[in-house]
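Chains, contacts and geometry: an overview
Next come the chains, spelled out residue by residue.
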Amino acid sequence: ILNVEQSPQSLHVQEGDSTNFTCSFPSSNFYALHWYRWETAKSPEALFVMTLNGDEKKKGRISATLNTKEGYSYLYIKGSQPEDSATYLCAFSGAGNMLTFGGGTRLMVKP
Amino acid sequence: EAEVAQSPRYKITEKSQAVAFWCDPISGHATLYWYRQILGQGPELLVQFQDESVVDDSQLPKDRFSAERLKGVDSTLKIQPAELGDSAMYLCASSRDQGFGAYSYEQYFGPGTRLTVT
């Protein structure tokens, strides 16, 4: 059984704060690491698919880094806005495109 | 923009009853997935289809759950009989293909069906 862990479980920040979350995953048999944003009552939305050690990806105010040798990825949000409030999921991808998800980090941004 | 469709969005049923969920993937996507997400946990893969064939159903409780994708397009997940512990969000996702070697295809998710068993 693959162990994918996310921390913290939940986070409350003020509008304008920058924040980051951690995803740890097995460093063996690695194919890809996915980040999703899941807003209440909506579909999980793909943010990044990361495959190479040292990868850094950016989408607006959100960025992510990947370390496959030590088995972790960080997601950063710069200048959090209330619309960033969501659950952020990471998922480890093994052979056959099968995803193993972490438990998620629930972010709440207060205006 | 193409989306994965799921219905119903919400379902309340009594234990021991049968329930069914439907998923229509993005057109042309060969791979379809059903996940279950229990509150406070991440989604867990129940079954993966490649076209009409099951690729993996190792986490599907086969005594009460069944899934089919008869024509390799839309899919149905059934629970009979439902138990209290089945209360969860059931998510369907699709991807262009199942991935080969180091290549990983992006999975697109539907909005899910929230099941409550009373």
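Residues numbered from 1 in each chain as written. Chains lettered and ligands numbered in written order. Predicted model: local features only at pLDDT ≥ 70, side-chain atom pairs only at ≥ 80, totals over all residues. Heavy atoms only, no water.

Scanning chain A from N- to C-terminus turns up zero helices and 11 strands. Secondary structure elements of chain A occur, N-terminal to C-terminal, as β-β-β-β-β-β-β-β-β-β-β. Whereas a compact globule of 111 residues would reach a radius of gyration of roughly 13 Å, chain A reaches 13 Å, a difference of no more than 12%. Nonlocal contacts in chain A, meaning residues at least 24 apart in sequence, comprise 53% of its contacts between residues at least 6 apart. Of the charged side chains in chain A, 10 are positive and 10 negative; the average position of the first set lies 3 Å away from that of the second. (Helix = DSSP H or I, 4+ residues; strand = E, 2+ residues; numbered from the N terminus. Rg over C-alpha atoms; globule rule 2.2 N^0.38 Å. Contact = heavy atoms within 4.5 Å. Lys, Arg positive; Asp, Glu negative; His and termini not counted. Charge placed at Lys NZ, Arg CZ, Asp CG, Glu CD.)

As a further point, take the packing of aromatic side chains. The tally for this structure, following the rule as stated, stands at 14 aromatic pairs over all chains. Relative to phenylalanine 109 of chain B, the ring of tyrosine 36 of chain A has its centre 5.2 Å away and its plane inclined at 85°; by these criteria the two rings are edge-to-face. Here tyrosine 36 of chain A is found in strand β4 (residues 32-38), whereas its partner phenylalanine 109 of chain B is found in strand β10 (residues 108-109) on a different chain. Residue class for phenylalanine 109 of chain B comes out buried when judged on its relative accessible area of 7%. With centroids separated by 6.1 Å and ring planes inclined at 75°, the aromatic side chains of phenylalanine 101 of chain A and phenylalanine 109 of chain B adopt a geometry described as edge-to-face. Here phenylalanine 101 of chain A, found in strand β10 (residues 99-101), pairs with phenylalanine 109 of chain B, found in strand β10, and the two come from separate chains. You'll find phenylalanine 101 of chain A and phenylalanine 109 of chain B in the same group, each marked buried. (Phe/Tyr/Trp six-rings, centres within 6.5 Å; stacked < 30°, edge-to-face > 60°. Buried < 20%, exposed > 50% of the residue type's maximum accessible area, 1.4 Å probe, protein only.)

Okay, the interface of chain B and chain A next. At the junction of the two partners, chain B supplies 27 residues and chain A supplies 20 residues. When chain B packs against chain A, close to 1,700 Å² is buried across both sides, 56% of that on carbon and sulfur atoms. Here chain B and chain A share zero salt bridges between them. Applying the counting rule to chain B against chain A returns four residue pairs in polar contact (both at pLDDT 80 or more). For the side of chain B that touches chain A, the elements supplying multiple residues, two or more each, are β4 (31-37), β5 (44-50), β6 (53-56) and β9 (88-95) of chain B. Among the residues making up the side of chain B that touches chain A, the classes are represented as 11 nonpolar, 12 polar and four charged. (Buried area = accessible area lost by both parts, 1.4 Å probe. Salt bridge = Lys/Arg side-chain N within 4 Å of Asp/Glu carboxyl O. Polar contact = N/O pair within 3.5 Å; in protein donor to acceptor, adjacent residues only side chain to side chain. Nonpolar A, V, L, I, M, F, W, Y, C, P; charged D, E, K, R; others polar.)

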